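Residues per chain, in single letters:
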Amino acid sequence: MLKKIPLFIILAALTVFLDGCGKNREPVTKTGFYFDTVIQVTIYDAGKKDCLDECMELAEAYEKMLSPSIEGSDIWNINHSGGAPVIVSEETADLLKTALTYCEMSEGRIDLTMETVSRLWHFHPDEPGNAETDAAIIPGPDSIAEALEHVDYHNLLIDGNTVTLSDPESQISLGFIAKGYIADQMKNHLLSRNIQSAIINLGGNLLAVGTKPDGSPFQFGIQTPFDRQGTPITVLSVSDQSAVSSGVYERYFYLDDVLYHHILDTKSGYPIQNNLLGVTILSDSSTVGDALSTTCFVLGPEEGMRLIESLEGVEAVFITDDYVLHYSGGLSPKEDANR
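Residues numbered from 1 in each chain as written. Predicted model: local features only at pLDDT ≥ 70, side-chain atom pairs only at ≥ 80, totals over all residues. Heavy atoms only, no water.

1. As for the packing of aromatic side chains
Point 1. All told, the structure shown has ten aromatic pairs when counted by the stated rule.
Point 2. Ring geometry for Phe-218 versus Phe-220: centroids 6.5 Å apart, planes at 20°, classification stacked.
Point 3. You can call Phe-218 buried: its relative accessible area is 0%.
Point 4. Measuring from centroid to centroid gives 5.1 Å for Phe-226 and Tyr-252, while their planes differ by 90°, and the two rings are edge-to-face. In this pair, Phe-226 is assigned in the loop between strand 10 (218-223) and strand 11 (232-238) and Tyr-252 in strand 13 (residues 251-255), connecting sequence segments 26 residues apart.
Point 5. The exposure class assigned to Phe-226 is partly exposed, which follows from its relative accessible area of 23%.
Point 6. Clustering of aromatic rings is evident, with ring pairs tying together Trp-121, Phe-253, Tyr-260 and Tyr-270. (Phe/Tyr/Trp six-rings, centres within 6.5 Å; stacked < 30°, edge-to-face > 60°. Buried < 20%, exposed > 50% of the residue type's maximum accessible area, 1.4 Å probe, protein only. Helix = DSSP H or I, 4+ residues; strand = E, 2+ residues; numbered from the N terminus.)

2. Considering the packing of helix 1 (residues 50-66) against helix 3 (residues 90-105)
Point 1. Contact geometry for helix 1 and helix 3: axes closest at 10 Å, N-to-C directions at 70°. Between helix 1 and helix 3, the crossing angle belongs to the class labelled roughly perpendicular. Note on packing geometry: the crossing formed by helix 1 with helix 3 is right-handed. Listed contacts from helix 3 to Tyr-62, Met-65 and Leu-66 of helix 1 are Glu-91, Thr-92 and Leu-95.
Point 2. Tallied by class, residues from the contact of helix 1 with helix 3 come to four nonpolar, one polar and one charged. (Axes fitted to C-alpha atoms, helices over the stretch in contact; angles between N-to-C directions. Parallel < 35°, antiparallel > 145°, perpendicular 65-115°, else oblique. Left-handed = near helix turned anticlockwise from the far one by under 90°. Contact = heavy atoms within 4.5 Å. Nonpolar A, V, L, I, M, F, W, Y, C, P; charged D, E, K, R; others polar.)

3. Considering the packing of helix 6 (residues 178-192) against helix 7 (residues 286-299)
Point 1. Contact geometry for helix 6 and helix 7: axes closest at 7 Å, N-to-C directions at 165°. Overall, the two elements helix 6 and helix 7 adopt an arrangement that is roughly antiparallel. Handedness of the crossing formed by helix 6 with helix 7: right-handed. Contact residues: Ala-178, Lys-179, Gly-180, Tyr-181, Ala-183 and Asp-184 in helix 6; Ser-286, Thr-287 and Asp-290 in helix 7.
Point 2. Residue composition of the contact of helix 6 with helix 7, grouped by class: three nonpolar, three polar and three charged.

4. Quick notes on the environment of Thr-234
Point 1. By the element assignment, Thr-234 lies in strand 11.
Point 2. With relative accessibility at 1%, the residue Thr-234 sits in the buried group.
Point 3. The spacing of Thr-234 and Ile-222 is twelve residues in sequence and 5.6 Å in space, taken between C-alpha atoms.

5. Some remarks on the sheet that holds strand 6 (residues 156-159)
The pairing of strands in a sheet comes from backbone hydrogen bonds and takes either a parallel or an antiparallel form.
Point 1. One open sheet accounts for three strands, arranged 5-7-6; its pairing is antiparallel. Edge positions in the sheet fall to strand 5 (86-87) and strand 6, since each has one partner strand and no second.
Point 2. Pairing analysis gives four bridges linking strand 6 to strand 7 (residues 162-165), with the strands arranged antiparallel. Looking at strand 7, one finds that Ile-158 is bridged to Val-163.
Point 3. Docked against the sheet, helix 3 engages strand 6 and strand 7, running at close to 130° with respect to strand 6. (Pairing = 2+ DSSP bridges.)

6. As for a negative patch on the surface
Point 1. A contiguous patch of negative charge, built from Asp-142, Glu-146, Glu-149 and Glu-169, is present on the exposed surface.
Point 2. By relative accessible area, Glu-146 is classed as exposed at 53%. (Patch = residues over 30% accessible without salt bridge, like charges linked within 9 Å, V, L, I, M, F, W, Y side chains within 5 Å. Areas by Shrake-Rupley, 256 points an atom, 1.4 Å probe, with all protein chains shown as cover. Salt bridge = Lys/Arg side-chain N within 4 Å of Asp/Glu carboxyl O. Lys, Arg positive; Asp, Glu negative; His and termini not counted. Charge placed at Lys NZ, Arg CZ, Asp CG, Glu CD.)

7. Here we look at helix 3
Point 1. Counted at 1.5 Å a residue, the expected span for helix 3 with its 16 residues is 22 Å, and the 23 Å between its end C-alpha atoms agrees.
Point 2. The complete set of buried residues in helix 3 reads Thr-92, Ala-93, Leu-95, Leu-96, Ala-99, Leu-100, Tyr-102 and Cys-103.
Point 3. Contacts from the buried residues of helix 3 go to helix 1, helix 2 (74-79), strand 6, strand 7, helix 6 and helix 7.
Point 4. After helix 3 finishes, the residue Glu-107 shows a positive phi value of roughly 55°. (Expected span 1.5 Å × (residues − 1).)

Below, the structure is given as structure tokens:
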């Protein structure tokens, strides 16, 4: 049977703790709804509130460029081209190339053509089958097997600004990297407006611009998995870095006491089972953090941590299913503000 509350969408797998810092240094915040989630931008400069509007305008522009569900976006055009070449923006082409590097790095365990399988699942509350009184929809094995035949990132061919899907039935999505990229672009914009202290929160993808006005780091809380109140399991001190989490508790439902979550195995088409509940990546680039959080999750605790330890300027916290925190070598528990 479907449990009473079949689906939770955690809008912030990471939480930021704000405080004021004197005249004209009080935090001012603007909220919007983009990328199927609530986003917030907070700046510590009340005299530049118009920067917040500009950030929301950027969010809208990138959503119209990169969303697979908005007609006329670059990604929508590629998915509906029937295999014909599509001319896209330079930014889209570059981001697709970046996404492909993570597909290669993970040997296909991250695959931007998984959209053919992902769209069979229903993890959003406004989709059929997700009301409390309805039955959750689990795709049939034949449907998944058919969709998997079109999952292969090698089907995506990029020549300059021209993109072609060699398999017309393939479908792409940049869901594992797009919010990180957009956060980085917002940060660049704020810096261009001489904003030196800010927080960008794109549905739990957090990016700190500088530090608090008093020079102290921001405090980012990593949510306790499945906690409905969003209670942090730990708190990290972050200065001028990105913190991005991926986890089984972001979009999921239970059916007959089995957990189904949105991070899918590219081989089976079903949710990954690897003893991980969540991965949080700290990095200078939110694009990198966004991509690595999902990549490390699908690689699993051992291989994922080995990848992190091989990279410079990147740290991670893994949460295993026994709720134990595992830190990469450069991020000791002593640096954890909650310990």
